[in-house]
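# Understanding the architecture of this molecule
Each chain, written out:
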Amino acid sequence: MALKEERRGNMGAIGLSDIRYEDLLGRDSIKLECGSLDTVFGKTVLVSGGGGSIGSEICRQVAAMKPRKLVIFDISENNSYSVLNELAAEHPFLDLSVVIGSVRDKVRLERIFESYRPQAVFHAAAHKHVPLMEDSPCESIKN
């Protein structure tokens, strides 16, 4: 629900109305074909930013498609731990790993890719507070 202001004469009234995330994008949303993500079945999948809001949802959807292994890669151990526990309870036979690190660390990434050899990567590592990052675009693009 979102607040929506309605004008009636000189007085403003505030009412509630449903809002969809697509309304906030400022662009057309991208529609994925359901079958397009089935390519993760039986494969090793790495999700960068896997502990974040978008990354964790990608992990949930990938886990449901029965990959051979799911690697949750994130800079935050707290978020990653929560996602790991949730997915382990929901998918007890799924081979899950959490790797803590930053996508900004090239050496760390090379070691992770050498060790896990992911066949599919979903890059969801991102800064959360866009207005702050707009003031620091050079830092923003490093993710």
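Residues numbered from 1 in each chain as written. Predicted model: local features only at pLDDT ≥ 70, side-chain atom pairs only at ≥ 80, totals over all residues. Heavy atoms only, no water.

## Notes on the nonpolar core
For the record, the criterion: Throughout, nonpolar core names a set of buried Ala, Val, Leu, Ile, Met, Phe, Trp, Tyr and Cys residues whose side chains join them through atoms within 4.5 Å. Burial classification: accessible surface area is computed with a 1.4 Å probe over protein chains only, and a residue below 20% of its type maximum counts as buried, one above 50% as exposed, and the rest as partly exposed. Strands are runs of DSSP state E lasting at least 2 residues, helices are runs of H or I lasting at least 4, and numbering of each runs from the N terminus. Contacts: residue pairs with any heavy atoms within 4.5 Å of one another.
One finds V40, V45, C59, L70 and L87 to be the most contacted residues of the largest nonpolar core, which totals 15 residues. Those elements that place two or more of their residues in this core are strand 3 (44–48), helix 2 (53–64), strand 4 (69–74), helix 3 (77–90) and strand 6 (120–123). Of the residues forming this core, the biggest block, three residues, is contributed by helix 2. Ignoring sequence-local partners within four residues, the contact set of L70 consists of V45, V47, C59, V62, A63, L87, L94, D95, L96 and S97.

## Comments concerning the environment of F73
Relative to the elements of secondary structure, F73 occurs in strand 4. Between the C-alpha atoms of F73 and I100, which are 27 residues apart in sequence, the distance is 5.8 Å. If near-sequence neighbours (up to four positions away) are discounted, F73 is found in contact with L46, V47, S48, G49, G50, V99, I100, G101, S102, V103, L109 and I112.

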